[in-house]
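# Structural description and commentary
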Amino acid sequence: MNISRAHPRFLSLSIRERLANAVKDGIMVPQGLIAHGRGEAFDYLLGEKTTVAASKATLAAAALLLKAEFPVLSVNGNTAALVGREIVRLSQMLSAPIEVNLFHRTRQRERVIAQYLKRLGAREILGAGEEARMTIRGIASPRRETDPRGIGRADTVLVPLEDGDRAEALQRAGKKVIAIDLNPLSRTSQVATISLVDNVVRAVPGLIKAATGLRNFPRGKLLTIIENFDNEKNLAITIREMIGYLRGWATD
Ligand code: PTJ
């Protein structure tokens, strides 16, 4: 469908269009559209902008990714469709592998997503194929299967649009978890080491920008940024920002 740029909801409508096409191409599952709708609702409550709390989380997350010994970027259907190009760029910047890890897992979808990311410039995509699988215990979905060369050995994992089950299990396995989830109340946001309560279409470019700024910082300074960040407090600030936005809107 041709959406007019003059439409006040152009961005939102064109993203929906992109996602509908991603379902047709086999990148996304229809359930991903429902998940996106939930995300849209939360984004609306945040004023569809990156909040002060989200900017702080983004800076801390970039510091954590730069400080990590072995960071891995986990990608599902929605993430590939929304920010595939930016994920490839972030992976190149951080020398961090990309691993396809799906909730609605089929070998066919793994391959389609891997091929799509390769067309966007990724050299290698983990998690797609018949290689040995490593099981992360305590995950009640096919997301438990990870690639031993990727999430299996990672010390830090970026998990956009996640379910709390895996975020919790990764933490238990001793890994740091950076979540991108518009819902500040989700289990994922609550259990992650750092939660970016922001739309993935703003959060990943934000991470690229923050990592570019911090790239030459000594490890000690990165550590200070990470240690000064308190996820629980930041989530509370996010909820206050949401309420503040709604109050302003209600009194306009
Ligand atoms: O590709 P698959 O098979 O791995 O499946 C992917 C989905 C997203 C369907 C699967 O992971 C799923 O069902 O996720 P949930 O449990 O619905 O969680 C998705 C979370 O992401 C929800 O809390 C949404 O609010 C949030 N979300 C949705 N769209 C966005 C988002 N967060 C950030 N940016 C978005 N654009």
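Described below are features of the structure shown in this document. Starting afresh in each chain, residues are numbered from 1 along the sequence in its written order. Per-residue local features of the predicted model are confined to residues with pLDDT of at least 70, and side-chain atom pairs are confined, for both listing and counting, to 80 or more; whole-chain, interface and lining totals are unaffected and use all residues. Note that water and hydrogens are dropped before the side-chain values are worked out from all heavy atoms of the structure.

### Description of the overall build of the chain
Test applied: Runs of H or I in DSSP of at least four residues are treated as helices and runs of E of at least two as strands, each being numbered from the N terminus. Radius of gyration means the value over C-alpha atoms here, while the globule rule gives 2.2 Å times the residue count to the 0.38 power. Each residue gets one of three labels from its accessible area relative to the maximum for its type: buried under 20%, exposed over 50%, partly exposed in between, using a 1.4 Å probe on protein chains only. We call two residues contacting when some pair of their heavy atoms lies within 4.5 Å.
Within the chain, the secondary structure is distributed over 10 helices and eight strands. Whereas a compact globule of 252 residues would reach a radius of gyration of roughly 18 Å, the chain reaches 18 Å, a difference of no more than 12%. The principal-axis extents of the C-alpha atoms in the chain amount to approximately 60 × 50 × 35 Å. Counting every position in the chain, which comprises 252 residues, the buried fraction comes to 49%. Long-range contacts, defined as pairs at least 24 residues apart, comprise 65% of the intrachain contacts of the chain with a sequence gap of at least 6.

### Comments concerning the packing of aromatic side chains
Here is the rule we go by: Here the aromatic set is Phe, Tyr and Trp, taking the six-membered ring for Trp, and pairing holds for ring centres within 6.5 Å; pairs whose planes are under 30 degrees apart are stacked, those over 60 apart are edge-to-face, and all others are tilted. Our definition puts a charge over a ring when NZ of Lys or CZ of Arg is within 6 Å of the ring centre and also within 35 degrees of the ring normal.
Taken as a whole and judged by the stated rule, the model has zero aromatic pairs. Here R153 stacks its cationic end above the ring of F70, 3.7 Å away from the centre of that ring. Over the ring of F217 we find K221, and its NZ or CZ is 5.4 Å from the ring centre.

### Quick look at the pattern of salt bridges
Stated precisely, the cut-off is as follows: Just to be clear on terms, a salt bridge is a Lys or Arg side-chain nitrogen sitting within 4 Å of an Asp or Glu carboxyl oxygen.
Applying the stated criterion to the full structure yields 14 salt bridges. With a closest N to O distance of 3.5 Å, E145 and R133 form a salt bridge. Pair noted here: E145 is in strand β5 (residues 145-146) and R133 is in the loop between β3 (125-126) and β4 (134-135), with a separation of 12 residues, a long-range link. One salt-bridge network, in which partners are shared between bridges, spans R105, R107, E110, R133 and E145.

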